[in-house]
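The lines below spell out each chain.
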Amino acid sequence: MNFPGFKVTHEDRGVVIDLEMPQQLRRYFFARLYAKGKMNDEAAGDPEKVWRVLAEEYGNVPLVAPLQVHGTNIITADKNNSLPLRPEADGVLLAELSSAFASLRFADCVPVVTAGIAEEPWLYLLHSGFKGTLQNIAAAALSNARQRFGHFDKNRIWAWICPGIGAECYSRRKDDPSAVKASKLFSAESVFEEEEYFRFDLKKEIASQILAFGVPAENIYTFDCCTSCCRDLFYSYRAGDAEKRIFLLAGMPKNLNLM
Ligand SMILES: [Zn+2]
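Report follows, based on the coordinates. (Residues numbered from 1 in each chain as written. Predicted model: local features only at pLDDT ≥ 70, side-chain atom pairs only at ≥ 80, totals over all residues.)

For the protein chain, the helix and strand inventory stands at seven helices and 15 strands. At 17 Å, the protein chain has a C-alpha radius of gyration in line with the 18 Å of a compact globule built from 259 residues. Across its three principal axes, the protein chain shows a C-alpha extent of roughly 55 × 45 × 35 Å. For the protein chain, with 259 residues in total, the buried portion stands at 44%. Partitioning the intrachain contacts of the protein chain with sequence separation of at least 6 by distance along the chain shows that 63% fall at a separation of at least 24. (Helix = DSSP H or I, 4+ residues; strand = E, 2+ residues; numbered from the N terminus. Rg over C-alpha atoms; globule rule 2.2 N^0.38 Å. Buried ≥ 20, exposed ≤ 12 C-beta atoms within 10 Å, placed from the backbone. Contact = placed C-beta atoms within 7 Å.)

As a further point, take helix 7 (residues 202–212). All buried positions along helix 7 are accounted for by Leu 202, Lys 203, Glu 205, Ile 206, Ala 207, Gln 209 and Ile 210. Taken from the residues just after helix 7, Gly 214 is the one with a positive phi, measuring 110°.

In space, the three strands of this open sheet follow the order 11-13-12, with antiparallel pairing throughout. Edge positions in the open sheet fall to strand 11 (171–173) and strand 12 (191–193), since each of these has one partner strand only. Taken pair by pair, the neighbouring strands of this sheet meet at an average axis angle of 25°, ignoring direction. The pairing of strand 12 with strand 13 (residues 197–200) spans three bridges and is antiparallel. Looking at the pairing, Phe 192 lines up with Arg 199 of strand 13. Strands strand 11, strand 12 and strand 13 of the sheet are contacted by helix 6 (residues 177–185), whose axis makes an angle of about 55° with strand 13. (Pairing = 2+ DSSP bridges. Axes fitted to C-alpha atoms, helices over the stretch in contact; angles between N-to-C directions.)

This part covers the pairing of strand 2 (residues 14–19). Relative to strand 2, strand 1 (residues 6–11) runs antiparallel, the two being bridged by six bridges. The partner of Val 8 across the bridge, within strand 2, is Ile 17. Counted along the chain from strand 1 to the antiparallel partner strand 2, the turn is two residues long. As judged from the four bridges shared by strand 2 and strand 3 (residues 30–34), these two strands associate in the antiparallel manner. From the neighbouring strand, Val 16 faces strand 3, where its bridge partner is Tyr 34.

The next thing to look at is the nonpolar core. Core analysis: the largest hydrophobic core is formed by 74 residues, its most contacted members being Phe 29, Val 113 and Ala 250. Per-element accounting of this core gives the leading share, six residues, to helix 5 (residues 137–148). Not counting residues within four places of it along the chain, the set of residues in contact with Ala 250 comprises Phe 29, Phe 30, Ala 31, Leu 94, Phe 101, Ala 102, Val 113, Leu 123 and Leu 125. (Core = buried A, V, L, I, M, F, W, Y, C linked by C-beta atoms within 7 Å.)

What follows covers unusual backbone geometry. With an omega of 10°, the peptide bond running from Leu 83 to Pro 84 counts as cis. Along the chain, Pro 84 falls in the loop between strand 5 (74–76) and strand 6 (91–95). Backbone geometry places His 70, a non-glycine residue, at a positive phi of 60°. Position of His 70 relative to the elements: it lies in the loop between strand 4 (63–64) and strand 5. Take His 70: there are 16 C-beta atoms within 10 Å of it, and that puts it in the partly exposed class. Positive phi values are uncommon outside glycine, yet Asp 108 reaches one of about 105°. Within the secondary structure layout, Asp 108 lies in the loop between strand 7 (101–106) and strand 8 (110–117). Asp 108 sits in the buried class, given 25 other C-beta atoms within 10 Å.

In structure tokens:
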């Protein structure tokens with residue numbers, strides 16, 4: 001299984017999905033999803049355990065791994081925010097002066113990465129589950145980038161919408177006020193109405209949020225795979241993975257000799 005903008009490989013420790021950076025960004029950033037496998041089975045969602053396995057091959061840099069609370073707070077990939085500290089946030093910003101790598105964890109919520117070049121290159125990792133998508137964390141990150149980095153050119157922004165639960169497996173009851181709110185806020189093609197519940201296509205909604213910000217469609221890549229249906233590659237909270245998580249990592253290759 002593969003989609004444009006992504007490259008899937010199988011390592012001993014598990015499935016790895018690289019986000020393919022455009023030429024303009026490749027020398028600044030890498031981003032990689034460690035999906036299902038031995039490493040994440042054993043870590044059971046604990047980023048310190050994951051980093052104990054991976055840190056050495058990434059030069060033992062500090063790792064930012066926030067406590068995800070389904071909000072829109074974004075912190076910087078700074079060693080003052082790094083493990084063992086777990087500040088509350090659902091987004092992490094990497095920029096040229098970052099002193100740490102960035103990470104987030106997922107099981108059904110959608111991992112989103114957006115990156116671009118303004119006066120300096122920037123990259124955000126985002127946790128966009130139902131609540132994060134309802135609060136439009138993608139637009140919050142892009143607005144944050146516009147404020148921080150000058151000479152903002154939307155044609156030089158890219159986004160990767162990574163595997164999350166699909167509409168066929170994600171319903172919320174109609175007596176849930178947040179479901180009613182989402183049914184009104186989300187674009188029509190992301191919402192399916194049934195008798196007692198709504199089904200939501202979070203990946204499609206996130207793509208339309210990023211498109212609405214002005215990012216060109218050809219710069220938005222979606223790994224359109226449902227975590228609950230593709231259990232050989234991913235973990236799924238709704239399908240029974242209470243603790244195990246896929247692990248999204250981003251950093252700067254200048255620290256790694258990956259260039
Ligand atoms: Zn599914």
